[in-house]
Amino acid sequence: MKTALVIVDMQNAFCSRTGSFSKRGFRLIGISKVIKNIQKLIHAAEKNKWLIVFTKLTLKKDYSDAGLLVKCSPEIIKLKAYREKTPDSEIISDLKPKKTDIIVSKKRYDPFVGTNLGKVLKKRKIKRLIVAGVTTNVCVESTIRSAFDRDFEVILVKDATTTYSKTLQKASVTTLTKHFALVTTTNALKVT
């Protein structure tokens, strides 16, 4: 089955101590371990010739493309968060994409909305998505639910994702396991 590794929002905004997410008072649990596990997944993807897709939240300088995101979280504008062509919107250096990787700049939690992600996957005849990244209960979950609704087989690598609350992490993984994805760990990942 043709497979893609989808790495969700591993950008400075969320993963750096100086990123806007941290400045908003959020701390991702165990992000160093998540980064190491995603590095392992990237190695496996390269070895198995899977497509590698990075998503990142990038917004215009004036936030005219941000929709309800800035209405619900006005501090995003105050912090100049997620603005395109800024360090906040760039993928972390530990996971620097290669020229052959696909980078999807998104304006919503769901990377299928308003992007060419669906067309790219369809054109390459991808049937299965292996998903990792941040945050589990928001953008990762939005990605998986949307992929499921588009008839992709989805695998969540739970130790290659995190959020800012153990309770939310557990609840999200439980929901995804029950309804939307096969859930596994980096070391247990077996794809045929």
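Parameters at a glance
Residues numbered from 1 in each chain as written. Predicted model: local features only at pLDDT ≥ 70, side-chain atom pairs only at ≥ 80, totals over all residues. Heavy atoms only, no water. Axes fitted to C-alpha atoms, helices over the stretch in contact; angles between N-to-C directions. Helix = DSSP H or I, 4+ residues; strand = E, 2+ residues; numbered from the N terminus. Parallel < 35°, antiparallel > 145°, perpendicular 65-115°, else oblique. Contact = heavy atoms within 4.5 Å. Core = buried A, V, L, I, M, F, W, Y, C linked by side-chain atoms within 4.5 Å. Buried < 20%, exposed > 50% of the residue type's maximum accessible area, 1.4 Å probe, protein only. Pairing = 2+ DSSP bridges.

## Quick notes on the packing of helix H7 (residues 136–149) against helix H8 (residues 166–179)
For the pair H7 and H8, interaxial distance at closest approach is 10 Å and the crossing angle is 5°. Relative to H8, the element H7 is oriented roughly parallel. Across the interface between the two elements, Thr136, Asn137, Glu141, Ile144, Arg145 and Phe148 of H7 pack against Leu168, Gln169, Ser172, Val173, Thr175, Leu176 and His179 of H8.

## Digging into the nonpolar core
Ranked by internal contacts, the top residues of the largest apolar core, which has 37 residues, are Met10, Phe14, Ile38, Tyr82 and Leu95. Elements supplying a minimum of two residues to this core: strand S1 (3–8), helix H1 (12–15), helix H3 (31–48), strand S2 (51–57), helix H4 (68–72), strand S4 (128–134) and strand S5 (153–162). Per-element tally for this core: the top contributor is H3, with seven residues. If sequence neighbours within four positions are ignored, Leu95 has contacts with Met10, Ile35, Ile38, Gln39, Ile42 and Phe54. Judged by nonpolar contacts, the second largest core, of 25 residues, contains Val104, Leu117, Leu129 and Val140.

## As for the environment of Ser93
Looking at the secondary structure, you find Ser93 in the loop between helix H5 (75–78) and strand S3 (102–106). The exposure class assigned to Ser93 is exposed, which follows from its relative accessible area of 63%. The spatial distance from the C-alpha of Ser93 to the C-alpha of Asn12 is 8.7 Å, given a sequence separation of 81 residues.

## Comments concerning the pairing of S3
Alternating positions in S3 separate cleanly, Ile102, Val104 and Lys106 being buried on one face and Ile103 and Ser105 remaining unburied on the opposite face. In the sheet, S2 pairs with S3 via five bridges, with the strands oriented parallel. Within the sheet, the bridge partner assigned to Thr55 lies in S3 and is Val104.

## Some points on the sheet that holds S4
Strand order in this open sheet of six strands is S3-S2-S1-S4-S5-S6, and the pairing throughout is parallel. Edge positions in the open sheet fall to S3 and strand S6 (182–184), since each of these has one partner strand only. Recorded for the sheet is a direction-independent mean angle of 25° between the axes of neighbouring strands. The pairing of S1 with S2 spans five bridges and is classified as parallel. Pairing of Val6 across the sheet is with Val53, part of S2. Of the strands in this sheet, S1, S2, S4 and S5 are in contact with H3, which crosses S5 at around 140°. Against the sheet, H8 touches S5 and S6, its axis set at about 165° to S5.

## Quick look at the pairing of S1
The side chains of a regular strand alternate, first on one face of the sheet and then on the other. Burial analysis of S1 places six of its six residues in the buried class, the great majority of the element. The alternating pattern of S1 places Thr3, Leu5 and Ile7 and Ala4, Val6 and Val8 on opposite faces, both of which are buried. Note that S1 and S4 share six bridges and pair parallel. Within S4, the position partnered with Ala4 by the bridge is Leu129.

## As for unusual backbone geometry
Residue Thr135 follows Val134 across a cis peptide bond; omega there is -20°. Note on placement: Thr135 falls in the loop between S4 and H7. Even without being a glycine, Lys80 presents a positive backbone phi close to 55°. Topologically, Lys80 is positioned in the loop between H5 and S3. The residue Tyr82 is not glycine, and still its phi comes out positive at about 60°. The residue Tyr82 is located in the loop between H5 and S3 in this model. Judged by relative accessible area, which is 2%, Tyr82 ranks as buried.

Everything listed here is a matter of coordinates, which is why it stays silent on function.
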